[in-house]
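Below are the chains, spelled out letter by letter.
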Amino acid sequence: MTSRLQTTLLAAGAGLYYLKARRERARVERLAAAALESLLNAIDANDPDTGAHVRRVAAFSLIIADACGLSEHARSSVERVALFHDIGKVHEALFDITHDDRALSAEERQQIATHPQLGADVVAPLSLFYPDLGAGVLAHHERWDGTGYPRGLRGAEIPLTARIVAVADTFDAITHHRRYDMARSAPHAVEVIAAERGRQFDPDITDAFLSPAVQLLVHAAMQPSPLPEGIVACKRQQTPTYTEVPDVAFRWHAATV
Ligand SMILES: [Fe+2]
């Protein structure tokens, strides 16, 4: 009898522990998601053009991720890397360059080329929650043939997230007006990407992007509304109310005057 009671109590204790652990995990995940939303808001506040760009790149990247049959977990990683791949461009060191209408000089191009590292540094504290975010941000200008930057990674050495975002990023860069470049047509962007298959881009991901089904979805995503489902798209959602936000100590220091 005593033994049966002990077993029952043990089972009840394990159940309670499991429920508590699950609740704690959900709270931490909400906190991490809120941190990402704040970061995205910070991009919008500093540079709305970049905010719009990264959302479009996220939309295209998710379409490619789905075409590649990625798991939900990998898909979310792609989404995060897409949303924050250019966060280094809102760095103060690059602000004047990225907000100038003139064509870039060679020196300015070199400075712009630091944005993957600057971005990876910005998101580094999030590695506790999203260990692959920084690596994806850092690698989004690597090229399949090893001639990209900043590390000259080659082929599958480049994180999958970055290989997908690279295609989506290029498509958006070509099809949208930038300060120093006019927008070109989607068919032209498709031609450029096809020509870079196996050079700049992963051949399999390029094939997925060029498939008729993906092209239809990309075309639909380029329309102003509605946005495709599955994007974080903070702008579309009501800010959720969190009633149970855990106490979390974060590192900061007072500004020195
Ligand atoms: Fe970039």
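Residues numbered from 1 in each chain as written. Predicted model: local features only at pLDDT ≥ 70, side-chain atom pairs only at ≥ 80, totals over all residues. Heavy atoms only, no water.

Things to note about the overall build of the protein
To keep it simple, the criterion reads: Here a strand is any run of E in DSSP of at least two residues, a helix any run of H or I of at least four, and the numbering for each starts at the N terminus. A 1.4 Å probe rolled over the protein chains alone gives each residue an accessible area, and that area as a share of the maximum for its type sets the label: buried under 20%, exposed over 50%, partly exposed in between. Residue-level accessible areas treat just the shown protein chains as cover; the underlying method is Shrake-Rupley with a 1.4 Å probe.
Regarding its fold elements, the protein presents 11 helices and zero strands. Secondary structure elements of the protein occur, N-terminal to C-terminal, as α-α-α-α-α-α-α-α-α-α-α. Each of the 257 residues in the protein was classed as buried or not, and the buried ones make up 38%. As displayed, the protein offers around 15100 Å² of accessible surface, 58% of which is attributable to carbon and sulfur atoms.

What about the packing of helix α2 (residues 48-67) against helix α11 (residues 212-221)?
Under the convention used in this document: Angles shown run from 0 to 180 degrees and are taken between the N-to-C directions of axes, each axis being a line fitted to C-alpha atoms and, for helices, limited to the stretch in contact. What sets the label is the angle itself: under 35 degrees gives roughly parallel, over 145 gives roughly antiparallel, 65 to 115 gives roughly perpendicular, and the rest give oblique. Left-handed describes a crossing whose near helix is turned anticlockwise from the far helix through less than a right angle; right-handed describes the clockwise counterpart. The contact rule is simple, with two residues in contact once any of their heavy atoms fall within 4.5 Å. The nonpolar class holds Ala, Val, Leu, Ile, Met, Phe, Trp, Tyr, Cys and Pro. Asp, Glu, Lys and Arg form the charged class, and all remaining residues, Gly among them, are polar.
Orientation of α2 relative to α11, taken along the N-to-C sense of each, is 160°, at an axis distance of 10 Å. Of the possible angle classes, the one that applies to α2 and α11 is roughly antiparallel. Judged by the twist between their axes, the crossing of α2 over α11 is right-handed. In this structure, α2 contributes Phe 60, Ile 63 and Ala 67 to the contact, and α11 contributes Val 214, Leu 217, Val 218 and Ala 221. Residues belonging to the contact of α2 with α11 are distributed by class as follows: seven nonpolar, no polar and no charged.

A few points about the pattern of salt bridges
Put simply, the rule is: The term salt bridge refers to a pairing of a side-chain nitrogen on Lys or Arg with a carboxyl oxygen on Asp or Glu at a separation within 4 Å.
Evaluation of the coordinates by the stated rule reveals 11 salt bridges. For Asp 172, the salt bridge is made with Arg 56, and the minimal N-O distance between the two is 2.5 Å. In this pair, Asp 172 is assigned in helix α8 (residues 160-175) and Arg 56 in helix α2, connecting sequence segments 116 residues apart. On the basis of relative accessibility, which here comes to 1%, the residue Asp 172 falls in the buried class. The partly exposed category is assigned to Arg 56, whose relative accessible area is 24%. Between Asp 66 and Arg 75 there is a salt bridge, with its nearest N and O atoms 2.6 Å apart. Within the structure, one salt-bridge network assembled from shared partners comprises Arg 143, Asp 145, Glu 196 and Arg 199.

Re a nonpolar patch on the surface
For clarity, the threshold we go by: Two distance rules govern patches: like charges are joined within 9 Å, and nonpolar side chains (Val, Leu, Ile, Met, Phe, Trp, Tyr) within 5 Å, applied only to residues with over 30% relative accessible area and no salt bridge.
Together, Leu 16, Tyr 18 and Leu 19 give the surface a local cluster of nonpolar side chains, amounting to about 340 Å² of exposed area. Here Leu 16 lies in helix α1 (residues 2-46).

Remarks on the nonpolar core
Stated formally: Side-chain atoms within 4.5 Å are what join buried Ala, Val, Leu, Ile, Met, Phe, Trp, Tyr and Cys residues into a set we call a nonpolar core.
Phe 84, Val 123, Phe 171 and Phe 209 are the most contacted members of the largest nonpolar core, which totals 41 residues. Listed by contribution, the elements that provide at least two residues to this core are α1, α2, α3 (72-84), α7 (133-138), α8, α9 (186-195), α10 (203-210) and α11. Residues contacting Val 123, with those up to four places away along its chain left out, are Leu 39, Phe 84, Ile 87, Leu 133, Gly 134 and Val 137. Ile 97, Leu 104, Ile 112 and Leu 118 belong to the second largest nonpolar core, which has five residues in total.

Some points on the coordination of the iron ion
Ideal coordination angles are 109.5 degrees for a metal with four donors arranged tetrahedrally and 90 or 180 degrees for a metal with six donors arranged octahedrally. How we decide: For Na, K and Ca the donor cut-off is 3.2 Å, while for other metals it is 2.8 Å, and in both cases only N, O and S atoms qualify; water is not among them, so sites may look incomplete. Irregular is the label for any site that misses the other tests, which are tetrahedral for four donors with all angles between 85 and 135 degrees, and square planar for four donors or octahedral for six when opposite donors exceed 155 degrees and the remaining angles lie between 65 and 115.
Around the iron ion, the protein contributes the donor atoms Asp 86 (OD), His 115 (NE2), His 140 (NE2) and His 141 (NE2), which lie 2.2 to 2.4 Å from the metal centre. For the iron ion, the four donor atoms in the first shell make angles of 87 to 176° at the metal, so the coordination geometry reads as irregular. The sequence pattern formed by the donor residues of the iron ion is D-x28-H-x24-H-H. Of the two residues, Asp 86 is situated in the loop between α3 and α4 (92-98) and His 115 in helix α6 (residues 115-123); the sequence distance between them amounts to 29 residues. Pair check on accessibility: Asp 86 and His 115 agree, each one buried.

Remarks on the environment of Glu 142
Looking at where Glu 142 falls in the secondary structure, it is placed in the loop between α7 and α8. The spatial distance from the C-alpha of Glu 142 to the C-alpha of Ile 158 is 6.9 Å, given a sequence separation of 16 residues. Discounting residues that sit within four places of it in the chain, Glu 142 has contacts with Gly 148, Tyr 149, Pro 150, Arg 151, Gly 152, Leu 153, Ile 158 and Gln 200.

Considering the packing of α9 against α10
Put simply, α9 and α10 touch, their axes get as near as 10 Å, and they point 155° apart. The angle between α9 and α10 places the two elements in the roughly antiparallel class. Note that α9 runs across α10; the crossing there is left-handed. Residue-level contacts link Val 190, Ile 193 and Ala 194 of α9 to Thr 206, Phe 209 and Leu 210 of α10. The residue makeup of the contact of α9 with α10, split by class, is five nonpolar, one polar and no charged.

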